[in-house]
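A look at the structure
Here are the chains, one letter per residue:
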Amino acid sequence: MCGIIGAVTGEKVNQILIDGLKKLEYRGYDSAGVTLLDGSGLELYKYAHLNQSIEKLSVMPQVNDSMAAIGLAHTRWATHGVPNDLNAHPHLDCSGKLAIVHNGIIENFRELKEMLKDSGHEFISNTDSEVIAHLIEENLSLIKSEGSGADEFLRAFSMTLKALLGTFAVAVISSEYPDTILVGKNMSPVVVGLGNMGNFISSDVSAILEHAEKFVYLQDLQIAAVTKSSLKIYDFDLSGIEFAATPVTWSYKDAQKAGYETFMLKEIHEEPYAFTETLLGRSTDKLELYFDEIHFDPHELADIRKIFLVGCGTSYHSAMVAKYAIEHWARIPVELDIASEFRYRDPVLDSTTLVVGITQSGETIDTLAALNFARKSRAKVLCVTNVVGSTVTNNVDAVMFTRAGPEISVAATKSYVAQLAVLLGFSIALGRFSGVLFKSEADRYFADLQNCASMMEIALGRETSYRKLAEKFKDTRDFFFIGRHMGYPTSLEAALKLKEISYLHAEGYPAGELKHGPIAVLDSNTTVIGIATKNKLYEKLLSNLEEVRSRNARVVVVANDSDNSVSNYFDDIFYVPDTFDLFSPVVDIIPLQFLAYELAVRHNNDVDKPRNLAKTVTVE
Ligand code: AGP
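Note that the structure is predicted; figures quoted are calculated from it, not measured. (Residues numbered from 1 in each chain as written. Predicted model: local features only at pLDDT ≥ 70, side-chain atom pairs only at ≥ 80, totals over all residues. Heavy atoms only, no water.)

1. Comments concerning helix α14 (residues 439–460)
Compared with the 32 Å implied by 1.5 Å per residue over 22 residues, the 32 Å span of α14 between its first and last C-alpha is a close match. Of all the bends in α14, the largest measures some 25° and sits at N451. Taken together, the buried positions of α14 are occupied by A442, Y445, F446, L449, C452, A453, M455, M456, A459 and L460. (Helix = DSSP H or I, 4+ residues; strand = E, 2+ residues; numbered from the N terminus. Expected span 1.5 Å × (residues − 1). Bend = angle between axes of the 7 residues up to and from the residue. Buried < 20%, exposed > 50% of the residue type's maximum accessible area, 1.4 Å probe, protein only.)

2. Observations regarding a negative patch on the surface
Judged by side-chain charge, E288, D297, E300 and D303 come together as a negatively charged surface patch. With respect to the helices and strands, E288 occurs in the loop between α9 (271–279) and β14 (306–311). (Patch = residues over 30% accessible without salt bridge, like charges linked within 9 Å, V, L, I, M, F, W, Y side chains within 5 Å. Areas by Shrake-Rupley, 256 points an atom, 1.4 Å probe, with all protein chains shown as cover. Salt bridge = Lys/Arg side-chain N within 4 Å of Asp/Glu carboxyl O. Lys, Arg positive; Asp, Glu negative; His and termini not counted. Charge placed at Lys NZ, Arg CZ, Asp CG, Glu CD.)

3. Brief notes about the pattern of salt bridges
In total, this model carries 28 salt bridges according to the counting rule given. In this structure, the salt-bridge partner of R282 is D292, at a minimum N-O distance of 2.6 Å. Linking R282 in the loop between α9 and β14 with D292 in the loop between α9 and β14, this pair joins segments that are 10 residues apart in sequence. There is no split in this pair, since R282 and D292 are both buried. Of the charged contacts, one joins R462 and D561 as a salt bridge, the two residues approaching to 2.8 Å between their closest N and O atoms. Taken as a pair, R462 in the loop between α14 and α15 (463–471) and D561 in the loop between β22 (554–560) and α18 (566–569) lie far apart in primary sequence, 99 residues in all. Residue R462 is classed as partly exposed on the basis of its relative accessible area of 23%. Relative accessible area serves as the criterion here: at 33%, D561 is assigned to the partly exposed category. Connected through shared salt-bridge partners, E261, E463, R467, E471, E598 and R602 make up one network.

4. A look at the site of the ligand
As a structural note, the neighbourhood of the ligand is formed by 14 residues, with S315, Q360, S361, T364 and E500 the closest of them. Take S315: an N or O atom from its side chain is 2.6 Å from an oxygen atom of the ligand. Compared with its free state, where it exposes 420 Å², the ligand has 91% of that area covered by protein. When contributions to the shell around the ligand are tallied by element, the ones reaching two or more residues are α10 (313–330) and α16 (487–502). Its residues placed into classes, the shell around the ligand shows five nonpolar, seven polar and two charged. Two domains each provide a minimum of three residues to the shell around the ligand, namely domain 2 (263–460) and domain 3 (463–602). (Near = heavy atom within 4 Å. Polar contact = N/O pair within 3.5 Å; in protein donor to acceptor, adjacent residues only side chain to side chain. Nonpolar A, V, L, I, M, F, W, Y, C, P; charged D, E, K, R; others polar. Domains from an automatic or database assignment.)

5. Brief notes about the packing of helix α5 (residues 130–145) against helix α6 (residues 152–163)
It is the contact of α5 with α6, at a shortest axis distance of 8 Å, that shows an interaxial angle of 130°. Relative to α6, the element α5 is oriented oblique. As α5 packs across α6, the resulting crossing turns out to be right-handed. Packed against α5, whose contacting residues are I132, L135, I136, N139, L140, L142, I143 and K144, the element α6 presents E152, F153, R155, A156, F157, M159, T160 and A163 at the interface. The residue makeup of the contact of α5 with α6, split by class, is 11 nonpolar, two polar and three charged. (Axes fitted to C-alpha atoms, helices over the stretch in contact; angles between N-to-C directions. Parallel < 35°, antiparallel > 145°, perpendicular 65-115°, else oblique. Left-handed = near helix turned anticlockwise from the far one by under 90°. Contact = heavy atoms within 4.5 Å.)

6. Regarding the packing of aromatic side chains
Counted by the stated rule, this structure contains 16 aromatic pairs. The interplanar angle of 65° and the centroid separation of 5.9 Å between the aromatic rings of Y290 and F426 together place this pair among those described as edge-to-face. Within this pair, whereas Y290 is found in the loop between α9 and β14, its partner F426 is found in helix α13 (residues 414–433), the two being separated by 136 residues in sequence. Following the ring pairs from residue to residue traces out a cluster consisting of W329, Y445, F580 and F583. Above the ring of Y47, the side-chain terminus of K56 is found at 4.6 Å from the ring centroid. Above the ring of Y503, the side-chain terminus of R611 is found at 3.9 Å from the ring centroid. (Phe/Tyr/Trp six-rings, centres within 6.5 Å; stacked < 30°, edge-to-face > 60°. Lys NZ or Arg CZ within 6 Å of the ring centre and 35° of its normal.)

Here it is as structure tokens:
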């Protein structure tokens, strides 16, 4: 996710903005920029030098010598448009009089861009964000031409925000209105800081913590007009809104984690947002809406006879979910491969095969090698990644981006659900494309998929009860996670999470396989966690759990809220909201992430940086 900072004071703001950028660095970024407004107009400096852009800005004489008392700055995490200097923020309008910074995704940017181009606007970047600057310019000139004077900047800004679909935090400054920062939001965070020397805005309180005494968190569909000595808040129709500013007692380190104990906990709580962002602008009828930057002509997919899904670790688990979904909805055969095995096993590939590599980082060597091999074998190659501009995007025929934002904790959480979002959405769209699904069916599935974000919110609201139940197992050293159908990938992912951060022994198993060997291991020291949410093998899973119980293992289940009978059989239950069975992995994993988390904390482990692990594995 991008980071925004703005400052309007009675003094120079250059150092405040550069320091703010440095404070946002921990989130990860691919480019950074700053705009400073003084008597001679807007100055704009921006760079896409991986991990060096902020350093570069901080030593620029033009930035250091600036006397500007108002400015905006931005760290970019690309979603639309590769990381390069032109795509970095801030973005200007045609006149160069106004500059914007944006965090989020503008779903309808293509339509807006076409409309603005028709009106004569010229674009210099490939971003979705640049439309915002031009649209404010367009609306401003409309308001001015009507001669309706007062509050024209604010009115043009609110008109613009009302026309945007998607998620956004947008801030703007203009040389025509040189004492005001306007900022508005929908879903992406904005905090306004009120200080003695001036006022500040940011997407992350850590960037402005040291300059402000009191803070106001802007709500969705609100606009703040910020000057050095005043703050006014409005709704998008420009009715004034009462607000209360409150102090924040967090340290800088706490603020980075938005008050959460760890990045992992923060990232688990970001899951609904990552999920929703990833589905924005995508639908059932247009397969091309799934591709970013590098595109297939969907017709090329008409010849596909087989799909291979490859990935490592958590990405492999989302591939497994996608296999079930694609075969069910699109009726195309799918093979699933661990990336490190794929190219060594002589898979049969040709131009009628599609190989999909799934990798959060886009840098995992095994996945890169698997996709290179697939390309050399003339297969069509698609990657799913969270990092725009990552290595994997250089050698593929098409790219689908997840939009989870930077994931700092080694254990993947929000990137997993974002992968599920794009892969499940793609599976439905593929079903439609292959003519298996009717439009009405596909639309209904897609709406249900989008609705999973609300189910995830409900599950996250149960954090305390999940962690309390998890505490009961603090002395257990051996865990089995078992599931059937969509419960199987969840059991693998839950076991991986537990292993990674708690260092306890955990196995994920398809429940039906247990009696073919592993059941011999079970005794009263083992805890078996059954993924018992409703799917077509629910009854069979309950029988498998009975087999387990008769070996004296302790049994815990994940079950749906609507399951009235499960409490007759089991004492320890992680309840989750009901979902359509193919979507259940999205929600069912949440209590199990908290289980892993709680046990890791109980064992005093470094949750964000578990021993022996790297976030990205770049060696074979
Ligand atoms: C997940 O919690 C792990 N950190 C790990 O298994 C990870 O999913 C795997 O290394 C693949 O990484 P990638 O998605 O960046 O390729």
